[in-house]
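Each chain is listed here by its residues.
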Amino acid sequence: MFALVDCNNFYVSCERVFDPMLKGRPVVVLSNNDGNVVARSNEVKEIGLDFGAPLFKCESLIAQHGIHVFSSNYTLYGDLSRRVMDTLGQFTPDMEIYSIDEAFLSLEGLERRDLTEYGRSIRKTVTQWTGIPVSIGIAPTKTLAKLANRIAKKDSRYGGVFDITAHPRPEELLESISVEHVWGVGPRYAKLLARNGVRTVRELRDMPDRWIRKHMTITGLRMVMELRGISCIPLEEAPPPKKGIVSSRSFGHPVERLEDLKEALASYVSRAAIKLRVQKSRASVMGVFLTTNPFKNEPQYSNYRVLRLPCPTSYTPNLITFAHDILESMFREGFRYKKTGVFLEEILPENDAPLDLFSSPQDSDRKHSLMRTVDHINGRRGAGALFYASEGIGREWRMRRSKLSPRFTTRWSEIPVVRAG
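Now for a look at the structure at hand. Nothing here was measured: the structure is a model prediction, and the numbers come from that model.

**Thoughts on the overall build of the protein**
1) Next: The helix and strand inventory of the protein stands at 13 helices and 12 strands.
2) Next: Dimensions of the protein along its principal axes, counting C-alpha atoms only, are 65 × 60 × 50 Å.
3) Next: Here the protein, with 421 residues, has 44% of them falling under the buried criterion.
4) Next: Within the protein, residue pairs in contact and separated by at least 24 positions form 68% of the contacts whose partners lie at least 6 positions apart.

**Side note on a positive patch on the surface**
1) Next: Taken together, the side chains of Lys242, Arg271, Lys275, Arg398 and Arg401 define a basic patch exposed on the protein surface.
2) Next: Tracing the backbone through its elements, the reader meets Lys275 in helix 11 (residues 258-278).
3) Next: By relative accessible area, which is 37% here, Lys275 ends up partly exposed.

**Quick word on helix 11**
1) Next: Taking 1.5 Å as the rise per residue, helix 11 with 21 residues should run 30 Å; its terminal C-alpha atoms sit 30 Å apart, in good agreement.
2) Next: Following helix 11 by one or two positions, Lys280 has its phi on the positive side, about 55°.

**Things to note about the sheet that holds strand 6 (residues 102-106)**
1) Next: Read across the sheet, 5 strands follow the order 5-6-1-7-8 without closing on themselves; strand pairing throughout is mixed. The sheet is open, and its two edges are formed by strand 5 (95-99) and strand 8 (161-163), each paired on a single side. Neighbour to neighbour, the strand axes of the sheet diverge by 15° on average, direction disregarded.
2) Next: Sheet analysis places strand 7 (residues 134-139) next to strand 8, joined by 3 bridges and oriented parallel. If you follow Ile138 over to strand 8, its bridge partner there is Asp163.

**Side note on the packing of aromatic side chains**
1) Next: A full pass over the atoms with the stated rule returns 15 aromatic pairs.
2) Next: Summarising the aromatic geometry, the rings of Tyr11 and Tyr77 are spaced 4.4 Å apart at their centres and angled 15° between planes, so their arrangement reads as stacked. Here Tyr11, found in helix 1 (residues 10-17), pairs with Tyr77, found in helix 4 (residues 74-88); they are 66 residues apart in sequence, far enough to count as distant. Neither Tyr11 nor Tyr77 differs from the other in exposure class; each is buried.
3) Next: Aromatic pair Tyr301 and Tyr337: ring centres 6.3 Å apart, planes at 75°, arrangement edge-to-face. Of this pair, Tyr301 sits in the loop between strand 10 (281-292) and strand 11 (302-313) while Tyr337 sits in strand 12 (residues 337-349), placing them 36 residues apart in sequence.
4) Next: Given the relative accessible area of 15%, Tyr301 is considered buried.
5) Next: Residue class for Tyr337 comes out buried when judged on its relative accessible area of 0%.
6) Next: Grouping aromatic residues by their ring pairs yields a cluster made of Phe10, Tyr11, Tyr74 and Tyr77.

**Quick look at a nonpolar patch on the surface**
1) Next: Together, Trp412, Ile415 and Val417 give the surface a local cluster of nonpolar side chains, amounting to about 400 Å² of exposed area.
2) Next: Looking at the secondary structure, you find Ile415 in the segment after helix 13 (361-381).
3) Next: With relative accessibility at 40%, the residue Ile415 sits in the partly exposed group.

**Topic: the side chain of Asn33**
1) Next: Residue position: Asn33 is located in the loop between strand 2 (27-30) and strand 3 (37-40).
2) Next: Judged by its relative accessible area of 6%, Asn33 is buried.
3) Next: Of note is the side chain of Asn33, whose polar atom sits 3.3 Å from the backbone oxygen of Phe251.
4) Next: In this structure Asn33 touches Ser250, Phe251, Gly252, Met399 and Arg400, once residues within four positions along its chain are discounted.

**Looking at the nonpolar core**
1) Next: Judged by nonpolar contacts, the single largest core of 36 residues is most densely connected at Phe251, Leu261, Met286, Val288, Tyr337, Val342 and Leu344.
2) Next: For this core, the leading source of residues is helix 11, giving 9 residues.
3) Next: Among residues more than four places away in sequence, those in contact with Val342 are Ile245, Val246, Ser247, Leu265, Tyr268, Val269, Ala272, Met286, Gly287, Val288 and Phe289.

**Some thoughts on the environment of Tyr304**
1) Next: Tracing the backbone shows Tyr304 in strand 11.
2) Next: Tyr304 has contacts with Val288, Phe289, Met330 and Phe343, leaving out every residue within four places of it along the chain.

**Side note on the pattern of salt bridges**
1) Next: Tallying each qualifying case throughout the model produces 24 salt bridges.
2) Next: A salt bridge links Glu43 to Arg16; the nearest nitrogen and oxygen atoms lie 3.0 Å apart. Of this pair, Glu43 sits in helix 2 (residues 42-47) while Arg16 sits in helix 1, and the two are 27 residues apart along the sequence.
3) Next: A residue is classified by how much of its surface remains accessible, and Glu43, at 23% relative accessible area, is partly exposed.
4) Next: A residue is classified by how much of its surface remains accessible, and Arg16, at 14% relative accessible area, is buried.
5) Next: The closest approach of N and O atoms between Asp79 and Arg83, which form a salt bridge, is 2.8 Å. Taken together, the positions of Asp79 and Arg83, both in helix 4 and 4 residues apart, correspond to about one turn of that helix.
6) Next: Its relative accessible area of 35% is what places Arg83 among the partly exposed residues.

**Description of the packing of helix 4 against helix 5 (residues 115-130)**
Relative orientation and spacing of two packed helices are given, respectively, by the angle between their axes and the distance between those axes.
1) Next: Axis separation between helix 4 and helix 5 bottoms out at 10 Å; the angle between their running directions is 140°. Between helix 4 and helix 5, the interaxial angle falls into the category oblique. As helix 4 runs across helix 5, the sense of the crossing is right-handed. Residues Arg83, Val84, Thr87 and Leu88 of helix 4 lie in contact with helix 5, whose contacting residues are Ile122, Thr125, Val126, Trp129 and Thr130.
2) Next: Among the residues making up the contact of helix 4 with helix 5, the classes are represented as 5 nonpolar, 3 polar and 1 charged.

Definitions and cut-offs
- Residues numbered from 1 in each chain as written.
- Predicted model: local features only at pLDDT ≥ 70, side-chain atom pairs only at ≥ 80, totals over all residues.
- Heavy atoms only, no water.
- Helix = DSSP H or I, 4+ residues; strand = E, 2+ residues; numbered from the N terminus.
- Buried < 20%, exposed > 50% of the residue type's maximum accessible area, 1.4 Å probe, protein only.
- Contact = heavy atoms within 4.5 Å.
- Patch = residues over 30% accessible without salt bridge, like charges linked within 9 Å, V, L, I, M, F, W, Y side chains within 5 Å.
- Areas by Shrake-Rupley, 256 points an atom, 1.4 Å probe, with all protein chains shown as cover.
- Salt bridge = Lys/Arg side-chain N within 4 Å of Asp/Glu carboxyl O.
- Lys, Arg positive; Asp, Glu negative; His and termini not counted.
- Charge placed at Lys NZ, Arg CZ, Asp CG, Glu CD.
- Expected span 1.5 Å × (residues − 1).
- Pairing = 2+ DSSP bridges.
- Axes fitted to C-alpha atoms, helices over the stretch in contact; angles between N-to-C directions.
- Phe/Tyr/Trp six-rings, centres within 6.5 Å; stacked < 30°, edge-to-face > 60°.
- Polar contact = N/O pair within 3.5 Å; in protein donor to acceptor, adjacent residues only side chain to side chain.
- Core = buried A, V, L, I, M, F, W, Y, C linked by side-chain atoms within 4.5 Å.
- Parallel < 35°, antiparallel > 145°, perpendicular 65-115°, else oblique.
- Left-handed = near helix turned anticlockwise from the far one by under 90°.
- Nonpolar A, V, L, I, M, F, W, Y, C, P; charged D, E, K, R; others polar.

Below, the structure written as structure tokens:
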């Protein structure tokens, strides 16, 4: 048995934790540079404001309904996500963190318990300890748990917890759910199934194995077996190392100077290098890209270049130097740049990476120790407590976040204050 725990309207819920006045009121959270709506409260969904809508197109609707608007506060969301996952870890030794707001829990060994009541206990504890409301779907497979979670979230009769095995009429239930809601059925497969008369979950479950394997490959057959209650997708307790890492953000306003571009690129390289070290790996290939805004009626230029590194590395100063060399080789004056970024490829486990013939073991150990110390301090004091001078201080290029809430849980200077009277 599995439980899928999904935070409800996660970004919005994070904003509400430290401002109870927002509960029951319409709230949206915007994407990078305050561009588009990426999270909506239920009240906003009822108003009819679409997900992904550009902010400038819905300002009148926002004003009309008094919608509260926030910039994305990823520092806050990431920390509250960690707290939610730590809380869920109290209920099972086996858990897969699927995304920032979702986790699969193994309920093996608990089959004789009332799993609905157990789910309610999980839900109550998460809300009490973190302030984040969740919905829980329980089923014998991860694919069915996804469907059960959808029902728990959409149907208020179940109080946020739904065990699909406890439903008295499972055939009718599966017949009532559109096939496009099945985990793994994207738009292309949904159209294929519709052309062949398959429109509900029950109809997909009952399709012949040979047809599924021919048209949807072994992955599709695994999905159908899961719909039949046969578990084929195990928990991934440790996520596999990334084979490629990209770090990039659009600028808050157009950038024309090479110095500003180098500052931004150094910041992105630093983030990418941290991700490398977290998964204990090193990169063999680096690429840098640079582009103007194609939606502006002005001179356009974009370019990217790739460099094979002399030796696989995760040492930030070296990576910044290589990135700046690439950037300088393709920079052109007279353009208003919208975005730059770095991507790292051919990533190897650090124990498998070849050694640098021109560097002594002592030098390699010194670099490794330095990075470990920097990462430790930033982990204790917050991201950016230590940073490289090449990242700049003013950072006028950084993305626009005019409606940013405080980082309540990670900065002493922004901790909430309660005053009497």
